[in-house]
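The primary structure of each chain is shown beneath.
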Number of protein chains: 2
Amino acid sequence: MTTASSPTAAILVIGNEILSGRTQDVNVQFLATRLGALGIPVREVRVIPDVARTIVDTVIELRARYDHLFTTGGIGPTHDDITSACVAEAFGVPWEPHPESMRLLEAYMAPGEFNAARQRMATLPRGAVPIPNSVSVAPGFTIGNVHVMAGVPRIMRAMFDALEPELGRFDPVRQVAVHADRLLEGALAEGLERIQDDHPGLELGSYPYERPDGRRGVALVAKGTDDAALAAVHDALWSLIVTLGATPVEGEPPP
Amino acid sequence: MTTASSPTAAILVIGNEILSGRTQDVNVQFLATRLGALGIPVREVRVIPDVARTIVDTVIELRARYDHLFTTGGIGPTHDDITSACVAEAFGVPWEPHPESMRLLEAYMAPGEFNAARQRMATLPRGAVPIPNSVSVAPGFTIGNVHVMAGVPRIMRAMFDALEPELGRFDPVRQVAVHADRLLEGALAEGLERIQDDHPGLELGSYPYERPDGRRGVALVAKGTDDAALAAVHDALWSLIVTLGATPVEGEPPP
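Just so we're clear, the structure is a prediction, and the values are computed from it rather than from any experiment.

Caption draft 1: Spotlight on the relation of the copies chain B and chain A. At an RMSD of 0.0 Å, chain B and chain A line up after a rotation of 180° and a shift of 0.0 Å along the axis. Given the turn and translation reported, the copies of this chain are related as if by a two-fold rotation axis. For chain B, the smallest separation between a C-alpha atom and the rotation axis is recorded for B:Arg46, amounting to 2.2 Å. Most of the interface of chain B is mirrored in chain A, where 100% of its interface residues again form contacts.

Printed below as a string of structure tokens:
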């Protein structure tokens, strides 16, 4: 099932540990790939600190600009986990105990362990729908077009698995790719631009690579949803490489 | 040499290949770590597509908000390499051939290879100062408080090495860290918040980890520039862990 116009998405990474360089983010690539396969392209990513005013303002801005906003990080039990309260403020709704989450979390804890910090994890914006996940009790949720997920990749992925069927399926972006060793971007730029001009509806990119054995080359990739145009561009890219005296190979080079 | 107030930085990643999930960004972590060591904390990161209007608007916004803006990507010779022209537009200056870069690039090329696409790489905003790099002819440059760098990590790093002495050295953020196996965030949240409240000038974070052998625990990290406060917080974190019945260990766990 496809529709004419695909929805768009933005990702908001909330966490001082990414901005300080302590942690390498890997959630953006995961989400971008999975959302792209659903036909929901990611148009923007922001990384911001655990600062309430910044989180509130950015959620308001991005959720107005894109069809979906996915946030990662800041939903644990500690003092710097303020995403949930900030999302409530961005929506102008109370941040209040969520009865079902309270029951689930209390049942999960040993007697006496359901302390104030853990009860805070079951406090959600009014109207939020929890995102269940199979690997933890971390309280992800959806409210309106905002999906609030964990920062820990294993938990975030489990949440996305649960969320995915709710997002719908649209016309995913497809790609054709050709590559060639000993090809240089500077030599092919002009021909590539001509092919791009002939097919403005597709997105052409060139990606220099270096193989483990030191061989260098360029991969040419076209993305879009018009299969006839993709096929035509594939052939044009192949011919361009031949014209430049290199040997085209189907697809992208192995990583 | 240190100064009282450190400058701030933002990173702007320009590239469809990051937003599509094709490429895992690794430049943000590198830049955040190196800038942090200089005492220039990164406050925001954005990832945006190769769309001229978006690049121009974002450069204008971020360079006004932060002391330094570092961009990565979009400076090669192909049609989608539009960063340089967009930065010129953001500064309201002409985008014109840069005589020194033209000479260098032409000297580097074999006769007849200095085509229009390659001449485009030596076209810079008026007033730009090239950032030399030891590994390529990619045309990085600084204009005002904006530093335009390559997206290819190896080239970006060489450019940053060249740029670093120009940025100055300020009071770098320092950290203390303690960790303990079998510690849970939900159990320590309350004590951690008390310590944070006692030292509002520091930034306290807790980071759950899982070791390769499956053991789980939490690392507690305090960051700041007040050494006496850092020492006091270190001792308070150590005591908190002991109080909770776990065994504190100095530093963060090995990755």
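Caption draft 2: Seen up close, the sheet that holds strand S9 (residues 174–181) of chain A. All names here are of chain A. The strand order across the open sheet built from 4 strands is S10-S11-S9-S12, with neighbouring strands paired in antiparallel fashion. For this open sheet the edge positions go to strand S10 (203–210) and strand S12 (249–250), each flanked by a neighbour on one side alone. Strand direction decides the pairing type here: S9 and strand S11 (residues 216–224), joined by 8 bridges, are antiparallel. Among the inter-strand pairings, Ala 180 is bridged to a residue of S11, identified as Val 218. Helix H8 (residues 185–198) contacts S10 and S11 of the sheet and is inclined by roughly 160° relative to S10.

Caption draft 3: Quick peek at the nonpolar core. Ranked by size, the top nonpolar core spans 98 residues in total, and within it A:Leu31, A:Leu35, A:Phe70, B:Leu31, B:Leu35 and B:Phe70 carry the most contacts. With residues near it in sequence (within four places) discarded, A:Leu35 still touches A:Ala9, A:Ile40, A:Val42, A:Phe70, A:Phe160 and A:Leu167.

Caption draft 4: Just the sheet that holds strand S1 (residues 9–14) of chain A, in detail. Pairing is mixed across the open sheet formed by 12 strands, whose spatial order is S6(A)-S7(A)-S8(A)-S3(A)-S1(A)-S2(A)-S2(B)-S1(B)-S3(B)-S8(B)-S7(B)-S6(B). On the outer flanks of this sheet lie strand S6 (129–131) of chain A together with strand S6 (129–131) of chain B, each paired with one strand and no other. Taken pair by pair, the neighbouring strands of this sheet meet at an average axis angle of 20°, ignoring direction. Strand direction decides the pairing type here: S1(A) and strand S3 (residues 68–72) of chain A, joined by 5 bridges, are parallel. Of the residues in S3(A), the one forming a bridge with A:Ala9 is A:His68. Here helix H7 (residues 153–167) of chain A sits on the sheet in contact with S3, S6, strand S7 (140–143) and strand S8 (146–149) of chain A, set at roughly 160° to S8(A).

About the cut-offs
Residues numbered from 1 in each chain as written. Chains lettered and ligands numbered in written order. Predicted model: local features only at pLDDT ≥ 70, side-chain atom pairs only at ≥ 80, totals over all residues. Heavy atoms only, no water. Least-squares fit on C-alpha atoms with pLDDT ≥ 70 in both. Contact = heavy atoms within 4.5 Å. Pairing = 2+ DSSP bridges. Helix = DSSP H or I, 4+ residues; strand = E, 2+ residues; numbered from the N terminus. Axes fitted to C-alpha atoms, helices over the stretch in contact; angles between N-to-C directions. Core = buried A, V, L, I, M, F, W, Y, C linked by side-chain atoms within 4.5 Å. Buried < 20%, exposed > 50% of the residue type's maximum accessible area, 1.4 Å probe, protein only.

In short, geometric facts, not functional conclusions.
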